[in-house]
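Letter by letter, the chains look like this.
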Amino acid sequence: MRRIPGGPVAVEVLLAGSGWIALASTLLPAANPLRVLLVTAFLVACPGAAAVRWAAPAPDSRRRASTVLETGCLAVAVSLAIAALVAEAFFLGHAFTATRVVATLAGLTTLLVLARYPGPRLRRRARADPDPSGSGRPADAGPALRVARGLLAAAVLAATGAGCADRQSAPSLSPLPPTGATSSAVPSPGTSTAGSVPGPSPAAPGPWHAVFQDDFTGSALDTSRWTTCYDWNVAGCTNAGNHESEWYLPSQVTVDQGVLSLTAQRQATTGSDGLHYPWRSGMVSTGRDSWDATPRHTFTYGYFAARLRIPAGAGFFPAFWLMPASRTTPPELDVVEFIGTTRSATMTVHWTGPGGDDLHEGRRFTGPSDFSAGYHVFALDWEKTSLTWYIDGVARFSLKEHVPDVPMEVLLTLAVGYPHPPAAGQDSAVLQADWIRVWQH
């Protein structure tokens with residue numbers, strides 16, 4: 001087999017194939033040890049090794065042993081720089097997913113390996129005349145030149161990644177740290193004064209196809225997708241089980257410039273149940289207009305995601321959740337709830353216990369900042385044997401027990417007064433949605 005200057009073919013083949021092996025491993029579950037090992041090993045070493053081998057002439061055989069450690073450290077440093085720059089480019093372009101970053105780095109690592117093929121004559125000439133200046137130093141300018149060339153390669157890779165990313169201007173957000181795979185962008189028709197970005201593809205691994213989406217374009221709610229009450233709608237509704245303070249009305253649901261707004265107002269309202277409520281608010285559901293109607297959309301399994309901005313202030317209960325089409329709960333899947341706080345997001349599954357009790361298991365995730373300060377993406381991957389919750393594309397909670405298997409409606413609600421009422425002087429609040437989507441395998 002032919003040798004490429006600077007190393008055996010086996011090394012080049014390993015480098016060229018390492019990224020594609022890592023990319024194939026992303027089909028495994030996110031926490032799978034083999035996936036973590038392969039992706040980490042590739043990101044830490046391989047792009048940098050390919051860049052260094054491409055950028056630096058092959059070392060003289062008399063120096064090769066003394067430069068192994070130096071070259072290895074340089075390869076790791078450059079590799080981390082490349083991965084960070086490419087990831088940042090995708091993230092700032094609202095197109096970040098771990099799979100997309102690995103795929104980009106795999107392709108560019110392969111290109112760097114192949115780029116060594118056209119240069120054998122030049123490198124042979126350099127070895128034949130190692131000191132054209134007569135200074136007694138070899139033509140290789142040493143580690144500084146290799147570092148410069150490696151960083152230049154990293155910059156090229158980052159620019160390539162940025163070119164692949166969506167180039168809409170970045171909105172003013174307060175996202176959670178991008179410490180894992182985040183949602184990537186695909187073209188979306190809507191615009192938003194709230195900083196709307198294109199909708200994502202699922203952060204969870206596996207093939208997906210969209211089965212439901214709304215970017216809230218136009219000037220009114222799409223009633224083919226949504227109703228504005230629970231299935232027990234009779235001129236409005238509420239959730240009596242939580243002893244909430246609001247009566248839901250269609251007038252509290254608006255769509256404008258690519259944003260769905262659910263507005264809670266402190267306004268005394270008499271419900272059709274004859275009770276008096278100090279607040280009125282808004283909600284949407286893919287369920288029925290009335291008890292005997294047919295649900296608009298129900299889903300069994302899938303990836304459910306929404307880009308939301310929750311209202312500031314205590315005493316409000318914004319929730320993105322799933323309720324059985326049978327109207328019998330539990331089971332229930334809460335993609336995200338904010339219960340008495342805007343700093344901690346609660347993710348929960350409910351199921352029926354042996355005695356018919358409502359049992360549940362969940363987790364609260366406290367972000368580095370107040371969630372009401374900006375938009376965040378909340379998602380749930382509901383598989384047949386597992387549940388995984390994501391916040392801004394990062395998996396935050398996972399379970400393999402009590403997984404429901406019944407069709408469910410999707411709801412976005414802004415309840416008031418649970419677990420305690422808003423403070424005096426707080427007379428309104430708004431829950432905003434930039435988009436809501438559902439994918440299935």
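Up top is the structure these notes are about.
My aim in this report is to walk through the structure given alongside it, one point at a time. Computed from a predicted model, the values in this text were never measured in an experiment. (Residues numbered from 1 in each chain as written. Predicted model: local features only at pLDDT ≥ 70, side-chain atom pairs only at ≥ 80, totals over all residues. Heavy atoms only, no water.)

Looking at the nonpolar core
Okay, so step 1: In terms of nonpolar packing, the biggest core is built from 49 residues, with Leu260, Phe320, Phe378, Trp382 and Leu412 touching the most fellow members.
Okay, so step 2: Not counting residues within four places of it along the chain, the set of residues in contact with Leu412 comprises Leu260, Leu262, Met283, Val284, Leu308, Ala319, Phe320, Leu431, Ala433 and Ile436.
Okay, so step 3: Listed in part, the 23 residues of the second largest apolar core include Leu15, Ala49, Val102 and Leu105. (Core = buried A, V, L, I, M, F, W, Y, C linked by side-chain atoms within 4.5 Å. Buried < 20%, exposed > 50% of the residue type's maximum accessible area, 1.4 Å probe, protein only. Contact = heavy atoms within 4.5 Å.)

Describing the side chain of Asp381
Okay, so step 1: Mapped onto the elements, Asp381 comes out in strand β14 (residues 376-382).
Okay, so step 2: Not counting residues within four places of it along the chain, the set of residues in contact with Asp381 comprises Ala204, Trp208, Gly302, Tyr303, Ser386, Leu387, Thr388 and Tyr390. (Helix = DSSP H or I, 4+ residues; strand = E, 2+ residues; numbered from the N terminus.)

Quick notes on the packing of aromatic side chains
Okay, so step 1: Counted according to the given criterion, the structure contains 19 aromatic pairs.
Okay, so step 2: With centroids separated by 5.8 Å and ring planes inclined at 65°, the aromatic side chains of Tyr303 and Trp439 adopt a geometry described as edge-to-face. In this pair, Tyr303 is assigned in strand β9 (residues 302-309) and Trp439 in strand β18 (residues 428-440), connecting sequence segments 136 residues apart.
Okay, so step 3: A relative accessible area of 1% places Tyr303 in the buried class.
Okay, so step 4: Members of the aromatic cluster, connected to one another through ring pairs, are Phe212, Phe216, Trp226, Phe299, Tyr301, Phe304 and Trp382. (Phe/Tyr/Trp six-rings, centres within 6.5 Å; stacked < 30°, edge-to-face > 60°.)

Examining the sheet that holds strand β13 (residues 358-366)
Okay, so step 1: The 6 strands lie next to each other as β8-β17-β10-β11-β12-β13, forming an open sheet whose pairing is antiparallel. Unpaired on one side and paired on the other, β8 (283-285) and β13 mark the two borders of the sheet. In this sheet, neighbouring strand axes are inclined to one another by 15° on average, regardless of whether the strands run parallel or antiparallel.
Okay, so step 2: Summarising the sheet, strand β11 (residues 332-337) and strand β12 (residues 344-352) pair through 4 bridges and their orientation is antiparallel. Counted as the bridge partner of Glu332 is His350 from β12. (Pairing = 2+ DSSP bridges. Axes fitted to C-alpha atoms, helices over the stretch in contact; angles between N-to-C directions.)

Some details on the environment of Asp289
Okay, so step 1: The residue Asp289 is located in the loop between β8 and β9 in this model.
Okay, so step 2: Its relative accessible area of 39% is what places Asp289 among the partly exposed residues.
Okay, so step 3: Considering only alpha carbons, one finds Asp289 and Thr227, 62 residues apart in sequence, at a separation of 6.0 Å.
Okay, so step 4: What Asp289 contacts, discounting residues up to four positions off in sequence, is Thr227, Asn233 and Arg296.

Topic: the pairing of strand β7 (residues 276-281)
Okay, so step 1: With 3 bridges connecting them, strand β4 (residues 246-248) and β7 associate as parallel partners. Along β7, the bridge assignment pairs Trp247 with Arg280.
Okay, so step 2: What sits between strand β6 (residues 259-270) and β7 in their antiparallel hairpin is a turn of 5 residues, with Gly274 showing a positive phi close to 85°.

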